[in-house]
Each structure stands twice: as structure tokens, then as C-alpha cells.
Amino acid sequence: MRYIMLLIYNVEPTAIGPPLMHRAKKRFGQNFLHDRNIINRIVQSISPSAEDHLVEIGPGQGAITQELLKIAGKLEAVELDRDLLQPLAERCANLGRLQIYNSDALSFDFRQLVSEENPKPLRLVGNLPYNISTPLLFHLLEQADSIQDMHFMLQKEVVDRMAAKPGSKTYGRLSVMLQAWCKVEPLFDIGPGAFHPAPKVDSGFVRLTPYTTPLYHIKDQRLFSQIVTQAFSQRRKTLRNSLKKMLDDTVFEQAGIDPSLRAERISLEEFVNLADKAWKTGQMS
Ligand code: SAH
């Protein structure tokens, strides 16, 4: 009996395999990466260095965390699932300085991590929980001034929407809002087999780099966001109809945009122009 106990006690956690005790939780969007090649490609794309201010969202069992730590020596991470904290800390103990915040990334103030101690803008990394990816991206956009770049694993369909151009079926609010503030670069696709448990969908790895000099000067960002959101809220309607409570035909005329078009035909530049003309004519209270 004693002997068996000792054996169990001595079991070393495998490099990235699931720890014996942890069962993946669906409600936390847990799909753990186990494909060594994919992990390497992710780390190569990030190309971390010891000078970087790396922050991982949802480190889970540390598949990416360990590799980043080995290279960069330090890392901060935001993880919601308390059950994962202790095993993660133990796994990474000898690899570098890991600081874990047990918090919900959706309400986490990432700006506070840029401090006197580490004033560099953040390099965010994450194999994100797919069920919260869109609200999380919008939460991060609000803090883009503290972010150097972001490398995320997401549902491939979401990556397609992020990078979509006008005229495509997937072009929408997410495309316009992200592209207004960030360069969006889809890097590669990943099949379900790279994860445990395997998700039902394909995944994509994407790089987002917030512009240091904005592409367009948007006079009223709230108004811009409201117009984009409203325009895409009923995709099949014309702009005139979907925006009738906010804008009248004079604004469309001033912006040189045909109000009988649907939102999916309107470029980012045209949305910026429309919002600025609306702002100028003071139609919004
Ligand atoms: N990076 C790991 C785990 C990915 S699974 C890997 O690639 O294997 C997604 C991770 O996000 C899980 O660890 C999950 O617990 C965590 N998570 C889920 N919702 C979260 C939230 N709102 N805030 C922070 N972490 C969250």
C-alpha cells in the first residue's frame, strides 16, 4: 500500500498532457492544445523575447505558457478556473516568473498591468475560450492603447469575420470595428485534432496589431460604433432603413454614400466618413 502511494505521489506531470485530475469544463470553453507542432508554430509566430511584456489569457494547463516562459523568463496570465491555478503554477515553477491573476478576462483591467515596474505595452496571447471571443475582443479594443499586439486562437469562422472585406458574406460589425483600430492578419488554420477535447469546429490563429497612428481620425468614436452596430443589426435592410432613427438622407448625400445600399457594401473608410458627417451636422444628441 505504501509503495503504491509513493508511486502516485511521484508521478511527474507530463509536459502538456492533461493532468490526471482535471476534466475539461465546457462552460469555461476548455479545449486544451496538445499538438506539439501547432504549439511550436504559435510560439514562432509570437516570436517572444525577454524584453516583451507577455500576458496570456486562459493559460489552462500551460501548453503555450511553458514555451513562452522558457524563452521570455516571465509572464503574466489571467485564468478564470481556480482548479487550474495550482497545477499550472507547479508546472511552470522552474521555467520562469509566472504571475497568475484568478480573474474573468471579460472584466479584467489589462491597462493596470502596464505599470512603473513594467511600462511596456502588452503582448497578449491566448487560445481563447470560443464562447466569449467576440465580447472579449471588444473589451480588449477599448484598451488597445496599452497593447502592442495580440495573438489569438479562435474559431476559424470568427477569424474570417475579423479579416473580411466589404462585399463578403462574413463582413460585419466585427470586421469594421477591429479593422478601424488594428491590422488583422490571419496566420494559419488548425483542425480539431490539435485539441483535447476536440472542438466541433476548425480554428484559426490570428495576429492583431493596434495601429500606433490611427488609420483614420474618427471624430466621435461612440457615434461611429453606434452607426456601425445599428447598420449591421439587420443585415438585409438598406442603410436608409436600418439607420433611419439616427441619420437622414442629407447625411448620406454629404458623405457621398447611396442609402439604398446594405451595410455589407460599405467600406471602413465610408463608415468613418458617414459618422463624421453625422457628427458635423449634429444629428446625434
Ligand atoms: N491555453 C490553454 C487553454 C485553452 S482553453 C491551451 O491552449 O491548452 C481556454 C482557457 O481559458 C481555459 O483554461 C479556461 O479555463 C480559460 N477561461 C475560460 N473563460 C475565461 C475567462 N472569462 N477569463 C479567463 N480565462 C478563461
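Use the structure listed above.
The sections below set out a description of the structure shown in this document.

1. Things to note about the site of the ligand
Inference 1: The local shell around the ligand holds 22 residues, among which Gln30, Gly58, Glu79, Asp104 and Asn127 are the closest.
Inference 2: In the environment of the ligand, an oxygen atom lies 2.8 Å from a nitrogen or oxygen atom belonging to the side chain of Gln30.
Inference 3: Asn127 places a side-chain nitrogen or oxygen 2.8 Å from an oxygen atom of the ligand.
Inference 4: Coverage of the ligand by the protein chains reaches 98% of its 570 Å² of free accessible surface.
Inference 5: Most atoms of the ligand, that is more than half of them, are within 2 Å of grid points of the largest pocket.
Inference 6: At the level of elements, strand 1 (32–33) and strand 3 (74–79) are the ones that each hand at least two residues to the shell around the ligand.
Inference 7: Partitioning the shell around the ligand into residue classes produces 11 nonpolar, 7 polar and 4 charged.

2. A few points about helix 4 (residues 85–92)
Inference 1: Within helix 4 the residues assigned to the buried category are Leu85, Leu88, Arg91 and Cys92. Seen from one end, helix 4 has its buried residues packed into an arc of 135°, which puts them on one side. Facing away from the buried side of helix 4 by over 90 degrees, the exposed positions are Gln86 and Glu90.
Inference 2: Where helix 4 is buried, its residues contact helix 3 (63–72), strand 3 and strand 4 (97–102).

3. Points about the pairing of strand 3
Every other side chain in a regular strand lies on the same face of the sheet, so the side chains alternate between the two faces.
Inference 1: Where burial is concerned, most of strand 3 is hidden: 5 out of the 6 residues are buried.
Inference 2: Of the pairings in the sheet, the one linking strand 2 (residues 53–57) to strand 3 comprises 3 bridges and is parallel in character. Within the sheet, the bridge partner assigned to Glu56 lies in strand 3 and is Ala77.
Inference 3: With helix 3 bridging strand 2 and the parallel strand 3, this β-α-β connection has right-handed handedness.

4. Concerning the layout of surface pockets
Inference 1: Of the pockets and cavities examined, the largest pocket occupies roughly 750 Å³.
Inference 2: Looking at the lining of the largest pocket, the elements that each hand over two or more residues are strand 1, strand 2, helix 3 and strand 3.
Inference 3: Tallied by class, residues from the lining of the largest pocket come to 22 nonpolar, 11 polar and 7 charged.

5. Some thoughts on the nonpolar core
Inference 1: Counting 57 residues, the largest nonpolar core has Phe110, Phe152, Met162, Phe224, Ile227 and Phe271 as its most contacted members.
Inference 2: Residue assignment places this core across two domains, with domain 1 (4–210) and domain 2 (221–281) each supplying three or more.
Inference 3: The contacts of Phe224, once residues within four sequence positions are left out, are Val176, Met177, Ala180, Ile218, Leu268, Phe271, Val272 and Ala275.
Inference 4: Within the second largest apolar cluster, 25 residues are counted, among which are Val43, Ala63, Leu98 and Ala194.

Calculation rules
All residue numbers refer to positions counted from 1 along the written sequence of the respective chain. Two thresholds apply to this predicted model, a pLDDT of at least 70 for residue-level local features and 80 or more for giving and counting side-chain atom pairs, whereas whole-chain, interface and lining totals are computed over all residues. Excluded from the side-chain calculations are hydrogens and water; all other atoms, namely the structure's heavy atoms, are used. Proximity is defined per residue: any heavy atom of the residue falling within 4 Å of a molecule or strand makes that residue near it. Any N or O atom pair separated by 3.5 Å or less is treated as a polar contact, with the protein-specific requirement of one donor-capable and one acceptor-capable atom, and with residues adjacent in sequence counted only for side-chain atom pairs. Shrake-Rupley sampling with a 1.4 Å probe provides the accessible areas, and residues are treated as covered by the protein chains on show and by no other component. Cavities and pockets are defined on a 1 Å grid built over the protein atoms alone: a cavity is a set of grid points where a 1.4 Å probe fits but cannot escape, while a pocket is an open set with protein on both sides within 12 Å along at least five of seven lines, and lining residues are those with an atom within 4 Å of any such point. Just a note on the criterion: a molecule sits in a pocket or cavity if more than half of its atoms are within 2 Å of the grid points. For helices the rule is a DSSP run of H or I covering at least 4 residues; for strands it is a run of E covering at least 2, with both sets numbered from the N terminus onward. Side-chain classes are defined by residue name, with Ala, Val, Leu, Ile, Met, Phe, Trp, Tyr, Cys and Pro counting as nonpolar, Asp, Glu, Lys and Arg as charged, and the others, Gly among them, as polar. When a residue's accessible area, from a 1.4 Å probe over protein chains only, is under 20% of the maximum for its type it is buried; when over 50% it is exposed; and in between it is partly exposed. Here, the arc refers to the directions that run from the helix axis to the C-beta atoms. It only takes one pair of heavy atoms within 4.5 Å for two residues to be counted as in contact. Two strands make a pair as long as DSSP finds a minimum of two bridges between them. With its strands directed away from the observer, a crossover is right-handed exactly when the path from the first strand over the helix to the second travels clockwise. Grid points are joined across faces, edges and corners, and a volume is the space filled by probe spheres set on the points. In these notes, a set of buried Ala, Val, Leu, Ile, Met, Phe, Trp, Tyr and Cys residues joined through side-chain atoms within 4.5 Å is what counts as a nonpolar core. For every domain, the bounds stem from an assignment made automatically or drawn from a database.

The quantities given are spatial measurements derived from coordinates; they are silent on function.
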